[in-house]
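Listed below, chain by chain, are the residues.
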Amino acid sequence: MIKAQRGTKDIFGEEIATWQWIFENAKTVFQNAGFEEIKTPIFEATELFNRGVGDSTDIVNKEMYTFSVGGIEKNETSITLRPENTAGVVRSYIEHNMSRQSPPQKFWYFGPMFRYERPQAGRQRQFHQAGVELFGIKDATADTEVIITAVNFLKSLGLADLTVELNTLGCPKCKNDYKNSIKEILAPHLENLCDDCKMRYEKNPLRILDCKNENCKKIFEKDEIKEVILKDYICDECREHFDELKKYLDELNIKYTINKMLVRGLDYYNRTVFEIKSEALGSQSAVCGGGRYDGLVEMLGGTSTPAVGFAMGVERLYTLVDKITPSKTDFFVVSNNTKEAMKLVQKLRENNKSTEFDLQKRKFAKQLEKASKIAKYAIILGEDEIEKNFYSLKNLSTGEQKKIDSFDELLDY
RNA sequence: GCGGGUAUCGCCAAGUGGUUAAGGCCCCGGAUUGUGGUUCCGGUAUACGUGGGUUCGAGUCCCACUACCCGCCCCA
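What you are looking at is a predicted structure, and each value in this text was computed from that prediction instead of being measured. (Residues numbered from 1 in each chain as written. Chains lettered and ligands numbered in written order. Predicted model: local features only at pLDDT ≥ 70, side-chain atom pairs only at ≥ 80, totals over all residues. Heavy atoms only, no water.)

### Focus: unusual backbone geometry
Here is step 1: Pro-104 follows Pro-103 through a cis peptide bond whose omega is 0°.
Here is step 2: Inspection of the secondary structure puts Pro-104 in the loop between helix H4 (86–95) and strand S5 (105–114).
Here is step 3: At Asn-253, a position not held by glycine, the phi torsion is positive, near 65°.
Here is step 4: Here Asn-253 shows up in the loop between helix H10 (236–251) and strand S8 (256–258).
Here is step 5: One non-glycine residue with positive phi stands out, namely Asn-389, at about 60°.
Here is step 6: Mapped onto the secondary structure, Asn-389 falls in the loop between helix H15 (383–388) and strand S15 (391–395). (Helix = DSSP H or I, 4+ residues; strand = E, 2+ residues; numbered from the N terminus.)

Structure (structure tokens):
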């Protein structure tokens with residue numbers, strides 16, 4: 001038997017109503033905030049992610065679905081299934097010269113992403129993200145717009161109590177100063193750090209702060225090191241930007257906590273980074289991650305353009321959300337006269353009523369039994385009704401039945 | 001890549017070496033040939049993850065593999 005691939009799953013049946021509901025909420029909330037939907041391809045040139053996501057990241061180093069088609073002799077470019085969607089949207093933004101439109105340019109997306117990882121709770125190899133990207137605005141108004149959109153979306157899903165964790169990484173210069181100080185203070189302790197941290201020390205010292213190894217944590221607790229870690233290397237301009245963002249969020253009554261240790265794993269972030277977490281998720285606790293990436297458009301060959309965005313993990317949202325029970329169909333036509341039943345069903349559907357009937361030509365009682373399971377109303381179309389030209393409408397939750405004289409009257413239910 | 005756990009019909013689930021592998025839900029039919037959701041009766045099904053081994057006999061014991069779940073790393 002051929003089974004779904006490891007880390008992938010079929011979404012159907014009971015789950016589908018909730019999935020559709022999440023999608024509808026995303027669409028409504030994002031569009032109300034002026035974001036336009038963008039659908040970019042599910043595969044892109046590998047090069048895009050190597051440069052866009054960053055080749056020091058785990059995503060690029062060990063998690064990408066990369067392959068080539070058409071054979072090497074044809075000189076096809078190497079292709080990769082998108083592990084995230086910011087790079088793709090930025091590519092599209094550049095390719096279509098969108099920077100020539102008046103800023104801001106605002107996009108939202110909802111779709112599958114692919115990462116080759118060991119599956120566990122809240123993690124799959126094919127998973128879905130809903131996100132937004134906002135281009136062209138340097139001001140903290142843009143960061144605010146993006147964060148408030150994330151919060152509004154969560155609220156629309158009934159997840160109002162999650163708090164936003166905020167941090168600022170500063171501009172490339174602040175980031176570098178910070179990195180160098182961390183490297184400097186940790187240099188004497190390098191021997192005692194875990195292997196992961198040794199690697200991070202070389203590749204991305206900021207990420208050392210994420211380490212959960214007890215031994216490393218102890219080292220970071222030392223006063224002189226803690227001081228360096230917690231010290232601000234943020235320049236005046238970056239600090240102003242961050243202060244402004246916090247001021248706006250305060251004004252809007254958005255709860256947030258500052259988390260100095262929040263650095264995020266993708267290389268392209270600068271200044272604002274944020275995450276929204278839920279304890280209820282277990283160890284994969286982040287439902288939403290995002291931030292500012294002012295350098296990315298230029299790095300991928302466009303004109304220098306400030307940008308900020310976020311991505312939400314839809315599977316993780318799904319586990320948090322109250323599940324939707326699928327709504328019942330409006331009508332079920334019960335009849336032993338298949339031809340007349342079909343005609344009525346067709347007319348109702350043309351008038352935008354969800355309607356079903358028994359395709360198995362079963363006896364009356366069975367049809368009604370089926371109707372009571374899936375429909376709000378049964379329309380009984382028997383010999384009497386057909387002959388005398390009326391409908392018997394039965395409310396299947398109350399059992400009440402009444403005579404309806406015209407088709408138009410049915411449409412009121 | 002590294003640890004831990006689990007695997008019996010579509011779903012839940014008994015079973016701890018001895019006939020034809022319980023039961024519940026779902027589904028189908030009947031009681032009730034034009035009035036459902038309750039009840040009663042009956043029925044369908046390629047179920048012991050895969051491959052080996054021990055044994056007179058294996059769902060049950062042993063080995064290997066696979067898949068899934070959980071944790072680490074990392075991320076949404």
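Here the narrative resumes, following the displayed structure.
### Observations concerning the sheet that holds strand S16 (residues 401–404)
Here is step 1: Pairing is mixed in the open sheet, where five strands are placed in the order S13-S12-S14-S15-S16. Of all the strands in the sheet, the pair left with one neighbour each is strand S13 (355–357) and S16. Between one strand axis and the next, the sheet turns through 30° on average, direction left out of account.
Here is step 2: Note: strand S12 (residues 329–334) against S13, three bridges, orientation parallel. Residue pairing in the sheet places Phe-332 in a bridge with Glu-356 of S13.
Here is step 3: Against the sheet, helix H13 (residues 338–350) contacts S12, S13, strand S14 (375–380) and S15, and its axis sits at roughly 165° relative to S13.
Here is step 4: Packing of helix H14 (residues 364–374) onto the sheet brings it into contact with S12, S13 and S14, and relative to S12 it is tilted by some 180°. (Pairing = 2+ DSSP bridges. Axes fitted to C-alpha atoms, helices over the stretch in contact; angles between N-to-C directions. Contact = heavy atoms within 4.5 Å.)

### Thoughts on the packing of aromatic side chains
Here is step 1: Tallied over the entire structure, the rule returns 15 aromatic pairs.
Here is step 2: Every member of this aromatic cluster is reached through a ring pair, and the members are Phe-23, Phe-30, Trp-108, Phe-110, Phe-153 and Phe-310.
Here is step 3: One cation-aromatic arrangement involves Lys-323 over Tyr-318; the distance from NZ or CZ to the ring centre is 4.7 Å. (Phe/Tyr/Trp six-rings, centres within 6.5 Å; stacked < 30°, edge-to-face > 60°. Lys NZ or Arg CZ within 6 Å of the ring centre and 35° of its normal.)

### Points about the pattern of salt bridges
If charged atoms from side chains of opposite charge come close, those side chains can pair.
Here is step 1: Under the definition given, this model contains 21 salt bridges.
Here is step 2: Note that Glu-37 and Lys-39 form a salt bridge whose closest N and O atoms lie 3.5 Å from each other.
Here is step 3: You can call Lys-39 exposed: its relative accessible area is 71%.
Here is step 4: A salt bridge links Glu-369 to Lys-373, with the nearest nitrogen and oxygen atoms 3.6 Å apart. Placement of both Glu-369 and Lys-373 in helix H14 is noted, with a separation of four residues, approximately one turn of the helix.
Here is step 5: By relative accessible area, which is 38% here, Glu-369 ends up partly exposed. (Salt bridge = Lys/Arg side-chain N within 4 Å of Asp/Glu carboxyl O. Buried < 20%, exposed > 50% of the residue type's maximum accessible area, 1.4 Å probe, protein only.)

### Quick word on the sheet that holds strand S6 (residues 126–135)
The strands that make up a sheet are held in pairs by hydrogen bonds between backbone atoms, and each pair lies either parallel or antiparallel.
Here is step 1: Taken in spatial order, the eight strands line up as S1-S5-S6-S11-S10-S9-S7-S8 in an open sheet, and their pairing is mixed. Among the strands making up the open sheet, the edge pair consists of strand S1 (36–37) and S8.
Here is step 2: Relative to strand S9 (residues 270–277), strand S7 (residues 164–168) runs antiparallel, the two sharing five bridges. Residue pairing across strands places Thr-168 opposite Thr-272, the latter belonging to S9.
Here is step 3: Sitting on the sheet, H10 is in contact with S7, S8, S9 and strand S10 (286–292), with an inclination near 160° to S7.

### Some words on the domain arrangement of chain A
Here is step 1: When the domains of chain A are assigned, the result is domain 1 (14–171 + 234–320) and domain 2 (329–411).
Here is step 2: Placing the centre of domain 1 and that of domain 2 at their C-alpha centroids yields a distance of 48 Å. (Domains from an automatic or database assignment.)

### A word on the protein's contact with RNA strand B
Here is step 1: Of all residues adjacent to RNA strand B, which total 51 residues, the nearest are Arg-115, Arg-200, Arg-264, Gly-265 and Glu-383.
Here is step 2: Counting only atoms of RNA strand B within 4 Å of the protein, the sugar-phosphate share comes to 55%.
Here is step 3: Arg-6 is positioned with one of its side-chain polar atoms (N or O) 2.5 Å from a phosphate oxygen of RNA strand B.
Here is step 4: In the model, a sugar or linking oxygen of RNA strand B is placed 2.7 Å from a nitrogen or oxygen of the Ala-286 main chain.
Here is step 5: Mapped by element, the contributors of at least two residues to the surface near RNA strand B are S6, helix H7 (195–203), S10, strand S11 (307–313), H14 and H15.
Here is step 6: The biggest single contributor to the surface near RNA strand B is H14, with seven residues.
Here is step 7: Here the residues of the surface near RNA strand B are counted per class, giving 13 nonpolar, 15 polar and 23 charged. (Near = heavy atom within 4 Å. Polar contact = N/O pair within 3.5 Å; in protein donor to acceptor, adjacent residues only side chain to side chain. Nonpolar A, V, L, I, M, F, W, Y, C, P; charged D, E, K, R; others polar.)

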